[in-house]
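Coordinates in review
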Amino acid sequence: MFDRTDAHITTWAIAIILFVIALFLLKSGNKKATKIVQMILRVFYLLIIATGVTLFARHSDFDPALYGFKFLGGIVIIAMMEMVLVRTNLNKKTGIFWAILIIAFIVTFYLGARLPIGWNWFA
Ligand code: HEM
């Protein structure tokens, strides 16, 4: 849990799947099912943060700046997933939130894969 990233990867992978399911349910007009999936998704937001903070607390000394950006990027992704879902539900524009979501995902994924624990693709 403290030195392995499996739990963290599992939580954000499931969150992405739930996010896509919630979007499809919203588009198909199934409000009740959307609400249920969204509630489960919110639990996964907390699990992503809990597993991320655990890794952060143990390893951020290695490179506080990069770990700090990784932390921030993860939080931004979660905030943008929530914004996209809430605004799609209200029929409001989501373009800017999608853009931030995609950029934050690329940056966060890169940082996660670059930092030393678990995947270490860019060393
Ligand atoms: C949906 C949001 C998130 C995504 C897509 C994501 C993605 C990733 C990826 C791809 C890794 C690399 C896994 C590996 O090396 O095996 C990682 C590791 C990590 N994540 Fe996240 N993450 C997210 C949220 C967060 C949050 C909110 C935090 C902090 C609270 C966080 C902190 C960390 C830390 C500290 C690591 C270990 C970095 C390392 O040394 O390799 N992440 N994450």
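As the structure is a computational prediction, the values presented were derived from the model and not from experiment. (Residues numbered from 1 in each chain as written. Predicted model: local features only at pLDDT ≥ 70, side-chain atom pairs only at ≥ 80, totals over all residues. Heavy atoms only, no water.)

1. As for the coordination of the iron atom of the ligand
Coordination of the iron atom of the ligand by the protein comes from His8 (NE2) and Lys70 (NZ), over a distance range of 1.9 to 2.0 Å. The coordination sphere of the iron atom of the ligand comprises six donor atoms, whose angles at the metal cover 82 to 176°; the geometry is octahedral. You can see histidine 8 sitting in helix 1 (residues 6-27) and its partner lysine 70 sitting in helix 3 (residues 64-89), a full 62 residues away along the chain. The pair histidine 8 / lysine 70 is uniform in exposure class, with both members buried. (Donors = N, O, S within 2.8 Å, 3.2 Å for Na, K, Ca; no water. Tetrahedral: all angles 85-135°; square planar, octahedral: opposite > 155°, others 65-115°. Helix = DSSP H or I, 4+ residues; strand = E, 2+ residues; numbered from the N terminus. Buried < 20%, exposed > 50% of the residue type's maximum accessible area, 1.4 Å probe, protein only.)

2. Some words on the UniProt feature "transmembrane region" (unreviewed entry) in the chain
Those residues carrying the UniProt feature "transmembrane region" (unreviewed entry) are residues 6-27, 39-59, 65-84 and 96-113 in this numbering. Annotated as residues 6-27, this span is 100% helix and 0% strand, and its ends, taken at the C-alpha atoms, are 32 Å apart. Secondary structure over residues 65-84 splits into 100% helix and 0% strand, and the C-alpha atoms at its two ends are 28 Å apart. (UniProt positions renumbered as here; feature names shortened; annotations may be inferred.)

3. Quick notes on the site of the ligand
Neighbouring residues of the ligand: 26 residues in total, closest Thr5, His8, Tyr67, Lys70 and Ile117. Measuring from a nitrogen atom of the ligand, one finds a side-chain N or O atom of histidine 8 at 2.9 Å. Within the backbone of glycine 112, an N or O atom sits 3.3 Å from an oxygen atom of the ligand. A per-class count over the shell around the ligand returns 18 nonpolar, seven polar and one charged. (Near = heavy atom within 4 Å. Polar contact = N/O pair within 3.5 Å; in protein donor to acceptor, adjacent residues only side chain to side chain. Nonpolar A, V, L, I, M, F, W, Y, C, P; charged D, E, K, R; others polar.)

4. Remarks on the pattern of salt bridges
Oppositely charged side chains can form a pair if their charged atoms are brought close together. As enumerated under the stated definition, the model contains three salt bridges in all. Arginine 4 serves as the salt-bridge partner of aspartate 6, at 3.0 Å between the closest nitrogen and oxygen. Classification of arginine 4 by relative accessible area gives exposed; the value is 55%. (Salt bridge = Lys/Arg side-chain N within 4 Å of Asp/Glu carboxyl O.)

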